[in-house]
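Remarks on the overall topology
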Amino acid sequence: MEKNKKKAEMSSTMLVSVILLVISFGILILVISKLNFNTQSEYETCHLSVVERGSLLDVFNLKEAAPLSCRTKKICVRGDELIDKEKCGEFENVKSVDYANVKSNDQVEKLISEEMVTCWRMMGEGRISLYSDVSADYGIGDVSSNCVICSRIAFNEKTLEKKGVGLKDINVLNYMITHKIPGQNMSYYSYLSGDSPVKISVKDNLIIPIKNETGGIENINVDLKNIRTEEGSEADEVAILYMQISTPTKMGALKNVGWTALGVGTATFVGGGPLAWIAKKALSVCKTGYGALACAGIATIAISYQQINAELNRGVVAGYCGDVAVGENARNGCSVVRTVKYDVQDIKKYCSVIESIP
Amino acid sequence: MQDRNIKMNKRGEGVNLLGEDVVKMIISIIGIAILVFLVYLIYQSATQNRRLEQAEMTLEGLTSTINSMEEIEVKNYAIESPKDWNIVYFQLDESSPNKCFGKDCLCICEGNSIEECNKGACSSFGNIIFYLGDDRKISLEDAPLEITINKNKNKITINKNE
């Protein structure tokens, strides 16, 4: 009797502790999400929200509870004029625009290279898993590609021309190879294609084959065709975006289902109650002759569907990552900084959901 | 007889224990339900806040684009987010969200009802009349997407580009 009383006391103490723990966790999340981050820079605010989300478990879409506070930076690149400072048509009436006054091609190349590196760092250098899709993890739902548009860069060609800056001569790749990141002893290119899991894609024609860690060849696709304009046409606005997509292997999806079933099953049987009763009844049906056949049939259909769906998802992922990774790596997923034309069709090629604040 | 009594007592204790277990189980289930509800509330509030912020910024961009248009002009505009929300138009002569302050207004909201748009982002455009198709809304379910804004004096038609 004494022992039972003690046991009951222990379990109620544990229950209260768990409740208190979860409530404090909830309050902590609420406080963090409600905190006024205005005093911090947009970079820090975004990076903090990335870290916060990354620290949450990859289960039950829990990561969604920590929203990314990443705003798209709007940059207008214009010639460095003392007077007659013009705006960029794309951001005509937009309130928060950063102006980059440049005097040479070099400065435009530097700006774009730095924006790419900043975007990559801000988003956790591809080391933080930012998205979890419970249905895709179990191989039963569709996989989606999530993006944060770090910056939009527009050009005022009129003032740039006055300063002798020709957008069609911009070569960001060359700049990234030949210039070091300020304060570091490595080039932009080495940083973005070195030993970090980084992948870059600036699109469109130039393909640089590089050796990856396993000795295989990966193609890094770098060019800035997007802003190279034909004579007389307007320069296109460029978007620097961070894309992340991943999906488990077929075996991984099966394992996820298996572990979850094992966990739920154990909890049900240990916990007892009506759920355990239902589970026991279901199991006893599966033990009878026809019941066993029906159970085997249902299990086969379910596993086949899951495996086919997981394979299809891997195909979709390979479509998104095929230009920065090869083989199984491309099918597993990737985190990429891409430079694309700011155009819905171009963005849609890589992003099914945009998480940043426009 | 004594033996029988002991057995009965033992059985009685057993019954008591089972009752205790049921009470504990019910308390646990209620506790877990409260926790799940709490987590759901936090989740909902977090995602709603982010989407509202996206809606506000999208509407701000749309408003400045419309305001910068000539008397007669056609312009394309890219809408990035919030996915699965709607652009809804409310006219002066009908009931509208509080945020419209009794004027014609354009809202970006999760659904298309007044209640839902009260929690969304709204902006009024003076005497401009909008036409968003027969159901007076544009779904953002396939965002990012592009819309065409066709301005003809004080009449604006917005279409989704396929």
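The coordinates are above.
Notes on the structure in this doc start here. In this text, all values refer to a predicted model and were calculated from it rather than measured experimentally.

This paragraph deals with the overall build of chain B. Of regular secondary structure, chain B possesses 2 helices and 8 strands. Written out in order from the N terminus, the α and β elements of chain B read α-β-β-β-α-β-β-β-β-β. Within the span of chain B, comprising 162 residues, buried residues form 38% of the whole. Contacts in chain B between residues far apart in sequence, at least 24 positions, make up 58% of those at least 6 positions apart. Summing over all exposed atoms, chain B offers an accessible surface of approximately 9400 Å²; the carbon and sulfur share of this is 54%.

Right, let's get into the pairing of strand E8 (residues 333–341) of chain A. Residue and element names in this part refer to chain A. Burial runs high along E8: 7 of the 9 residues are buried. Both strand E7 (residues 238–246) and E8 contribute to a ladder of 9 bridges, which runs antiparallel. The partner of Met-243 across the bridge, within E8, is Val-336.

Remark: a regular strand shows side chains that alternate across the two faces of the sheet. Residues and elements named next belong to chain B. One ladder, built from 3 bridges, connects strand E5 (residues 129–131) with strand E8 (residues 155–160); its direction is parallel. What sits directly across from Ile-129, in E8, is Lys-155. As paired elements, strand E7 (residues 145–152) and E8 share 6 bridges and run antiparallel to each other. Among the inter-strand pairings, Thr-148 is bridged to a residue of E8, identified as Asn-159. Between E7 and E8, which pair antiparallel in sequence order, lie 2 residues; one of them, Lys-153, sits at a positive phi of approximately 55°.

With that settled, the discussion passes to the interface of chain B and chain A. Every contact between the two is made by 33 residues of chain B and, on the other side, 41 residues of chain A. Buried surface at the junction of chain B and chain A, both sides included, amounts to about 3000 Å², of which 63% is carbon and sulfur. For the chain B face of the interface with chain A, the top three residues by lost area are Arg-50, Glu-80 and Pro-144 of chain B, together amounting to 22%. At the junction of chain B and chain A, the tally comes to 2 salt bridges. The salt bridge partner of Arg-71 of chain A is Glu-53 of chain B, with a shortest N-O separation of 2.5 Å. If you look at where chain B meets chain A, you find 9 residue pairs in polar contact (both at pLDDT 80 or more). The greatest single-element share of the side of chain B that touches chain A, amounting to 23 residues, is contributed by helix H1 (residues 2–67) of chain B.

Okay, the sheet that holds E7 of chain B next. All names here are of chain B. Taken in spatial order, the 4 strands make up an open sheet running E1-E7-E8-E5, and their pairing is mixed. Across the chains shown, the open sheet's two edge strands, defined by having one partner strand only, are strand E1 (72–79) and E5. On average, adjacent strands in this sheet sit at an angle of 20° to one another, irrespective of strand direction. Across 8 bridges, E1 lies against E7 in antiparallel orientation. When the bridges of E7 are listed, Glu-73 appears paired with Lys-151.

Moving on, we get to helix H8 (residues 250–271) of chain A. All names here are of chain A. Over its 22 residues, H8 extends 31 Å from the first C-alpha to the last, a length consistent with the 32 Å expected when each residue adds 1.5 Å. Along H8, the positions that sit buried rather than exposed are Gly-252, Ala-253 and Thr-268. The arc that holds every buried residue of H8, seen down its axis, measures 140°, which confines them to one face. Residues of H8 that are exposed and angled more than 90 degrees away from the buried face: Met-251, Trp-259 and Val-270.

So, about helix H3 (residues 105–122) of chain A. All names here are of chain A. With 18 residues, H3 ought to run about 26 Å at 1.5 Å a step, and its terminal C-alpha atoms sit 26 Å apart, in line with that. By the burial criterion, the buried members of H3 are Asn-105, Val-108, Glu-109, Leu-111, Ile-112, Ser-113, Glu-115, Met-116, Val-117, Cys-119, Trp-120 and Met-122. Two residues or fewer after H3 comes Gly-124, characterised by a positive phi angle close to 90°.

Moving on, we get to the state of the cysteines. All told, the structure shown has 9 disulfides over all chains when counted by the stated rule. Residue pairing for Cys-46 of chain A: its cysteine sulfur links by disulfide to Cys-70 of chain A, the two sulfurs lying 2.0 Å apart. Measuring the twist about the S-S bond at about 75°, one finds the Cys-46 of chain A-Cys-70 of chain A disulfide to be right-handed. Of this pair, Cys-46 of chain A sits in helix H2 (residues 42–54) while Cys-70 of chain A sits in the loop between H2 and strand E1 (73–79); the two residues are 24 residues apart in sequence, bridging distant segments of the chain. Both residues of the pair, Cys-46 of chain A and Cys-70 of chain A, count as buried. Cys-100 of chain B shares a disulfide with Cys-105 of chain B; S-S distance 1.8 Å. Take Cys-105 of chain B: its relative accessible area is 1%, and that puts it in the buried class. In chain B, the bonded cysteines, numbered by position in the sequence, are linked as 1-2, 3-6, 4-5. Disulfide partners in chain A, listed by the sequence order of the bonded cysteines, are 1-2, 3-4, 5-7, 6-12, 8-9, 10-11.

A surface patch of like charges, here negative, comprises Asp-84, Glu-110, Glu-115, Glu-116 and Glu-141 of chain B. Among the secondary structure elements, Glu-110 of chain B is positioned in the loop between strand E3 (105–109) and helix H2 (114–118).

All names here are of chain A. Counting residues in hydrophobic clusters, the biggest one holds 41 residues, and the most contacted among them are Val-77, Met-123 and Phe-155. Of all the secondary-structure elements, those providing two or more residues to this core are H2, E1, strand E2 (98–102), H3, strand E3 (146–155), helix H6 (172–178), helix H7 (188–193) and E7. The greatest single-element share of this core, amounting to 8 residues, is contributed by H3.

With that settled, consider the packing of H2 of chain A against H3 of chain A. Residues and elements named next belong to chain A. Packing of H2 against H3 leaves a shortest axis separation of 9 Å and a crossing angle of 35°. For the pair formed by H2 and H3, the contact residues are Tyr-43, Cys-46, His-47 and Val-50 on the first element and Thr-118, Arg-121 and Met-122 on the second. Residues of the contact of H2 with H3, tallied by class, amount to 4 nonpolar, 2 polar and 1 charged.

Quick notes on the rules
Residues numbered from 1 in each chain as written. Chains lettered and ligands numbered in written order. Predicted model: local features only at pLDDT ≥ 70, side-chain atom pairs only at ≥ 80, totals over all residues. Heavy atoms only, no water. Helix = DSSP H or I, 4+ residues; strand = E, 2+ residues; numbered from the N terminus. Buried < 20%, exposed > 50% of the residue type's maximum accessible area, 1.4 Å probe, protein only. Contact = heavy atoms within 4.5 Å. Areas by Shrake-Rupley, 256 points an atom, 1.4 Å probe, with all protein chains shown as cover. Pairing = 2+ DSSP bridges. Buried area = accessible area lost by both parts, 1.4 Å probe. Salt bridge = Lys/Arg side-chain N within 4 Å of Asp/Glu carboxyl O. Polar contact = N/O pair within 3.5 Å; in protein donor to acceptor, adjacent residues only side chain to side chain. Axes fitted to C-alpha atoms, helices over the stretch in contact; angles between N-to-C directions. Expected span 1.5 Å × (residues − 1). Arc of directions from axis to C-beta. Disulfide = S-S within 2.5 Å. Patch = residues over 30% accessible without salt bridge, like charges linked within 9 Å, V, L, I, M, F, W, Y side chains within 5 Å. Lys, Arg positive; Asp, Glu negative; His and termini not counted. Charge placed at Lys NZ, Arg CZ, Asp CG, Glu CD. Core = buried A, V, L, I, M, F, W, Y, C linked by side-chain atoms within 4.5 Å. Nonpolar A, V, L, I, M, F, W, Y, C, P; charged D, E, K, R; others polar.

So far we have only geometry, and geometry alone does not tell us how the molecule works.
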